[in-house]
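# An overview of the molecular structure
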Amino acid sequence: MSARERILQRLASAESRSPLPLPDVAAYYAAHQRNEDAAARLVRFRTAIAAAHAEVHDTDDAGWPALLCRIAIEKRLRSLLVGGDTADAGTLANQSQLPFALRSYDSAAPGWRNELFTAIDAGLTRAKSAIAETGSLVLWPDSREPRLMSLVPPVHFVLLDTRCIHADLHGAMTAEDWSSTLPTNALLISGPSKTADIQQTLAYGAHGPRELVVLLCHPTGAQS
Amino acid sequence: MTQPLHFHPSEGFAARARAATADPALRKGFRGAMDFLQTKRQAQFTDAAELSDLRDLGAAIRRYSLSRLPELLQQLETNLVANGIHVHWAENADEANAIVIDIARRREAKLVIKGKSMVSEEVALNHALEGAGIEALESDMGEYIVQLAGEGPSHIIMPAIHKTKQQIAELFAAKVPGVTYTENVDELILIGRNVLRQKFAEADIGLSGVNFAVAETGTLCLLENEGNGRMCTTVPKVHIAITGIEKVVEKLEHVPPLFSLLTRSATGQAVTTYLNLISSPRKPGERDGPEEVHLILLDNGRTQAYNDEQLRATLQCIRCGACMNHCPVYARIGGHAYGTTYPGPIGAIVSPHLLGIGATHALATASTLCGACAEVCPVRIPIPELLIRLRNEAQSAADSGSELRGAGESRSVLVSMIFRAWALMYTHPMLYRIATWFMSRGRALTPTAQGAWTGIRTPLVPAPKRLRDLLAERNSRHE
Ligand code: SF4
C-alpha cells in the first residue's frame, strides 16, 4: 500500500465521522452586508487602501497617461514596464514625449531576468476589480501582463476602473464566478510590500514594490 | 546550520522555562510583542456580534471540511492533477523530505529558496536538504534572521519575535558580507531585500507552505505581506508546496471568512498585502511562473488526532497564533522553551500527535487553564478541554485502551495514587468526612516542604475548621 492509500484509509476508518451540513457562507455575507451605493463603496475602498500606505489618485480614461507621467517625473522614474499588446500599453506608446523609457515584458530577451530585477523602476498593470472592505486590488495576471510585473519593479502603478469595486471578497468571487474561471495565478494586492519582522516595526518594500500607486479611472465626464 | 532537533521536548522543558523566565530582556521583549499583537487584534474586532458570527462560520467551515476530509483530499488531488500540479503524499517527515530531495536531484538543484512554511520546519527540511548537499535559504525576513542566527522560529507568525533590533543589527554586521552596523529598521530590511533578490533570481526551486487548499478548484492559497512568497512561487522553475492534510476546504467561497479570521486574529490586519491563489503551473504562452508545481500532503501524526472525535478539533486550526499571543505562559517563557516547532497552546495540543505523548507531556501542563486561548481562537477550538484530555492521556494506565502514541508513557505512580485516593474520597461521603476531620485536626503535621509548590510559594495547610464545621456552628447560632 502506498502512503496515499494508508493515509486515506486511516481517515476513512476514523470513528464517529458523520458528515456535517454544508455551511451557508452566502447567508453570512447577506446578513452582514451594508446597504451602500457605488460611491460609498469607492470611499470605503479608497480609505482602506490608503490606510495600507498606497497612494491613490483620481483620473479618467483620457487623463491617466498625463497623470502617470507627472507622478513618474516626481518620483524620478526612468523606466516603466508595460504589458505586451494591451490597450493601456498602446495608449502610452502613442503619447508624445514620455518622461521615461517604455519597456515591455520580454522574457525571451537575453539577460531579461537581470534587467527586470535591476534596471526597471516601475510597472503598470490593470486591476480586474477591487474590494471595498479590505482595500484590495484584484489582479489576474496573464500572458500580456505577467505575474512579476506587479512584484519585481520597486514602484507599481495600477489602473482601476471605479465601476468594478465589490463590497467584499465573497462578493467579488461570486459576481465574477471565480470558482469556474480561476487563472494560473489570481492575486489580491492590498498595499505595498511590507514587514514587521524586526521588533514589530513596520517597514515597506520588503521583497516586492515599495510603493503602490492606484490610479482610479472614473467613467469619463463623471469625475467631480 | 540549522538547530539540532528536539525529539523529546519534555526533557529539559522546566529548565528552559526557568532560564527564560530569569531573562529580563527576553521577558520584556515578549511582553511588549504580546501587548502589541493583542491590541492590534482587538482593534480589528470592534463589533462583538460580527466577530461571534464570523467565528461560528469559521468553525463550521473547518468542522465541515474535516467531516469530509478523505473525500475532499481526493477531490483536491483530482483537480490539482487535472490542472497540471503534481501531488505527493507523505506519512512522516522522512518521506516528505525524500520527496523534496528527489525533485531537487532530478532538477539538479543547488539552491532552494523558501517562503515561510511551518510544515517545512516541522519536518526539518533544511536539515535534510543540507545533508543532501542542497542549500536551503529562508526568504521571509523573520525566518532569514533566525536562519542567519542558527536558530529556529519562536513564533509561528513572527519567527524572530524574540530578537531585538540591536541583536539583528549585530547579526547582519557579523554575517552579511559588506554590511556595517546599523539599527535603522528600514536599512536592515533593505539589506535583507538586496541579498535575497539576488537569490530569488538564482534559485532552482521555490518552496512554500499553503494556508488553504481548495478542493473544488484545485487551488493553493498563500497569504503574506512581504512578497517573498510570491517570489518563491513565481521566479524559480519549480515550485514545491508542502502542507498538512488538514488544510483542505471544499469550496472557494470557504476561503474569504477564514482569510478574514486569520489575518485579523494573527496580526490585527484587516487583510495581508498579498493573497496568492495558485491553480496551475505556467500555461503555454504565459511568460513567467514555474514550469512544475508540486504539492506534498503530509500526515505526520495528524490521522491520529483525526481518529479521535474529541482531539479531531485540533485539526480545525488555521495557524493564526492568536492563542500564543494571548497565553500568559507563552508570554513569559517565549517560544523556544517549548522545544517544539509549534509553541504555545496550539503547540501543546498538536505536538503530542507529531511526536508522541511521552515526548511532549510537559507541554500540556504548561497552562493555567485560564481559557484565554479558547476565547480568542477564531475557529473555536476548545483548547483547555484538549489540554486536560492530554494530561489524562499522559497519566493513563497501561490497560486504559488508549490508542494515542505514547499514552501513559510518563505515568507517575505517585500522581496516579494521589488521584485515585482523591477520587475515592470525593465519591464516598463518609470517607470524605473522616479524611477532612483528620486533616483539619492534624493540620500542624502538614509538611512544610511540598515539592514544586513550596519552591516559590508558602505551604498549603488545611483550614482549622471544615466548611461542614462552620455550617454546623452557624446553624446552631441561628436556632
Ligand atoms: S489553535 Fe486557534 S488560536 Fe491557536 S493558532 Fe490555531 S486557530 Fe489560531
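Basis of the calculations
Residues numbered from 1 in each chain as written. Chains lettered and ligands numbered in written order. Predicted model: local features only at pLDDT ≥ 70, side-chain atom pairs only at ≥ 80, totals over all residues. Helix = DSSP H or I, 4+ residues; strand = E, 2+ residues; numbered from the N terminus. Buried ≥ 20, exposed ≤ 12 C-beta atoms within 10 Å, placed from the backbone. Contact = placed C-beta atoms within 7 Å. Near = placed C-beta within 6 Å. Nonpolar A, V, L, I, M, F, W, Y, C, P; charged D, E, K, R; others polar. Pairing = 2+ DSSP bridges. Arc of directions from axis to C-beta.

### A word on the environment of Ala93 of chain B
Residue and element names in this part refer to chain B. Topologically, Ala93 is positioned in helix 5 (residues 93-106). Given 21 C-beta atoms within 10 Å, Ala93 falls into the buried group. C-alpha separation for the pair Ala93 and Glu122, spaced 29 residues apart in sequence, amounts to 7.6 Å. Setting aside its immediate chain neighbours within four residues, Ala93 contacts Val123, Ala124 and Asn300.

### Concerning the site of the ligand
Residues and elements named next belong to chain B. In the vicinity of the ligand there are 14 residues, among which Cys317, Cys320, Cys323, Ile346 and Cys377 approach most closely. Every element with two or more residues in the shell around the ligand is listed here: helix 14 (322-325) and helix 16 (344-355). Here the shell around the ligand is built from residues that sort into 12 nonpolar, one polar and one charged.

### Focus on the sheet that holds strand 5 (residues 212-214) of chain B
With respect to topology, eight strands assemble into an open sheet ordered 8(A)-5(A)-6(A)-9(A)-9(B)-6(B)-5(B)-8(B), the strand pairing being mixed. A single partner strand is all that each edge strand has here, and the edge strands are strand 8 (165-166) of chain A together with strand 8 (248-249) of chain B.

### Remarks on the interface of chain B and chain A
Accessible area lost upon the coming together of the parts is a frequently used measure of interface size. Chain B puts 73 residues into the contact, and the matching count from chain A is 60 residues. Residue composition of the side of chain B that touches chain A, grouped by class: 34 nonpolar, 18 polar and 21 charged. Bridge analysis of strand 9 (residues 185-189) of chain A against strand 9 (residues 274-278) of chain B gives five bridges, and the strand direction is antiparallel. Bridging across to strand 9 of chain B, Leu187 of chain A finds its partner in Asn276 of chain B.

### Overview of helix 4 (residues 64-74) of chain A
Residue and element names in this part refer to chain A. What helix 4 keeps buried is the set Trp64, Leu68 and Ala72. Axial view of helix 4: buried residues confined to an arc of 75°, hence all on one face. Among the exposed residues of helix 4, those oriented more than 90 degrees off its buried face are Ala66, Arg70, Ile73 and Glu74. Buried residues along helix 4 sit in contact with strand 1 (55-60), strand 2 (79-82), strand 4 (122-126), strand 7 (155-161) and strand 12 (211-218).

Such coordinate-based values are descriptive only and should not be taken to indicate function.
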